[in-house]
Amino acid sequence: MEYTELRDYITTLDDADKQIIDNRVVEKGIEQYLNQQLIYLDCSRVIQGMRMMQTIGYPYQREVSSYLYAVDNCVNFMTVEDNNPNNFAKDYWISLLLNRHHKNLEYEKENPPIWYGGKKAKDKWDKEHGKHPRRKKSSEGTIPGMGKEISNKERLKKLSAQFGNLTFKIKPPKKD
């Protein structure tokens, strides 16, 4: 099945991902699994001041792909109503996903996503979409030792110089 509206939000799942999805569907049932995925895909969820999902990130692509995998491979065995054919069930679940996706895009028009990626991801975003309106700047400070490579021998020499003269006196506890 071709998902043209979602083609930018689909990623490839490996065999381990597919096995995890299959196991979760067996544990919970297909309806509960798909409903839970729709909750995970809700970009308006904020917990402790943090957004759980954004449409610009890989986690969103992975959850959409997981949902579509489950629909393509598991919905054949169930129907929404007893008298309807299986393809109606697929259409029903895809329409729920598209509805959630459109709500996410509308939400992100009012609340733009925050870009947390590195330079490579930033350049890719700029090339595809233009400059992102809410890109956060990181401080220019460096963490000591992070700017240059230090061998393990040099690191041990530094540590032994700092802590080499440290002594401990351990006294046994007094007996009553």
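Coordinates for the structure precede this section.
Rules behind the numbers
Residues numbered from 1 in each chain as written. Predicted model: local features only at pLDDT ≥ 70, side-chain atom pairs only at ≥ 80, totals over all residues. Heavy atoms only, no water. Axes fitted to C-alpha atoms, helices over the stretch in contact; angles between N-to-C directions. Helix = DSSP H or I, 4+ residues; strand = E, 2+ residues; numbered from the N terminus. Parallel < 35°, antiparallel > 145°, perpendicular 65-115°, else oblique. Contact = heavy atoms within 4.5 Å. Nonpolar A, V, L, I, M, F, W, Y, C, P; charged D, E, K, R; others polar. Core = buried A, V, L, I, M, F, W, Y, C linked by side-chain atoms within 4.5 Å. Buried < 20%, exposed > 50% of the residue type's maximum accessible area, 1.4 Å probe, protein only. Salt bridge = Lys/Arg side-chain N within 4 Å of Asp/Glu carboxyl O. Polar contact = N/O pair within 3.5 Å; in protein donor to acceptor, adjacent residues only side chain to side chain. Phe/Tyr/Trp six-rings, centres within 6.5 Å; stacked < 30°, edge-to-face > 60°. Left-handed = near helix turned anticlockwise from the far one by under 90°. Patch = residues over 30% accessible without salt bridge, like charges linked within 9 Å, V, L, I, M, F, W, Y side chains within 5 Å. Areas by Shrake-Rupley, 256 points an atom, 1.4 Å probe, with all protein chains shown as cover.

Details of the packing of helix α1 (residues 15–28) against helix α2 (residues 30–40)
The relative placement of two packed helices comes down to the angle between their axes together with the axis-to-axis distance.
Then comes step 1: At a minimum axis distance of 6 Å, the contact between α1 and α2 shows a crossing angle of 120 degrees. Between α1 and α2, the crossing angle belongs to the class labelled oblique. Taking contact as the criterion, the partners of I21, R24, V25 and K28 in α1 are, on α2, I30, Q32, Y33 and Q36.
Then comes step 2: Grouping the constituent residues of the contact of α1 with α2 by class yields four nonpolar, two polar and two charged.

Here we look at the nonpolar core
Then comes step 1: Within the largest apolar cluster, 24 residues are counted, with the highest numbers of intra-cluster contacts made by I21, L34, Y60, V64, Y67, L68 and L97.
Then comes step 2: Mapped by element, the contributors of at least two residues to this core are α1, α2, α3 (58–74) and α4 (86–110).
Then comes step 3: The element that contributes the greatest number of residues to this core is α3, accounting for eight residues.
Then comes step 4: Residue contacts for I21: discarding those within four places in its chain leaves L13, Y33, S66, Y69 and A70.

Some points on the pattern of salt bridges
Then comes step 1: Throughout the structure, instances matching the rule amount to four salt bridges.
Then comes step 2: A salt bridge links D42 to R100, with the nearest nitrogen and oxygen atoms 3.3 Å apart. Of this pair, D42 sits in the loop between α2 and β1 (46–47) while R100 sits in helix α4, and the two are 58 residues apart along the sequence. This pair shows no difference in class: D42 is buried, exactly as R100 is.

A word on the side chain of S66
Then comes step 1: Assignment of secondary structure puts S66 in helix α3.
Then comes step 2: A distance of 2.8 Å separates a polar side-chain atom of S66 from the backbone oxygen of R62.
Then comes step 3: If we ignore the near neighbours within four places in the chain, the residues touching S66 are L13, I21, Y33 and Q37.

Remarks on the packing of aromatic side chains
Then comes step 1: Counted under the stated rule, the structure contains two aromatic pairs.
Then comes step 2: Seen from their ring centres, Y9 and Y60 are 5.7 Å apart, and the 80 degrees between their planes marks the pair as edge-to-face. Taken together, the residues Y9 in the segment before α1 and Y60 in helix α3 connect sequence positions 51 residues apart. There is no split in this pair, since Y9 and Y60 are both buried.
Then comes step 3: Judged by centre distance (5.2 Å) and plane angle (75 degrees), the ring pair of Y92 and W93 falls under edge-to-face.
Then comes step 4: With a relative accessible area of 33%, Y92 lands in the partly exposed category.
Then comes step 5: Since its relative accessible area comes to 2%, W93 is described here as buried.

Points about the packing of α1 against α3
Then comes step 1: Where α1 meets α3, the closest approach of the two axes is 10 Å, and the angle between their N-to-C directions is 60 degrees. The way α1 lies across α3 gives a crossing that is right-handed. Taking contact as the criterion, the partners of D17, K18, I21, D22 and V25 in α1 are, on α3, R62, S66, Y69, A70 and C74.

Re a nonpolar patch on the surface
Then comes step 1: A contiguous nonpolar patch, built from L156, L159, F163, L166, F168 and I170 and spanning about 740 Å² of accessible area, is present on the exposed surface.
Then comes step 2: Tracing the sequence through the fold places L166 in the segment after α6 (152–163).
Then comes step 3: For L166, a relative accessible area of 52% translates into the label exposed.

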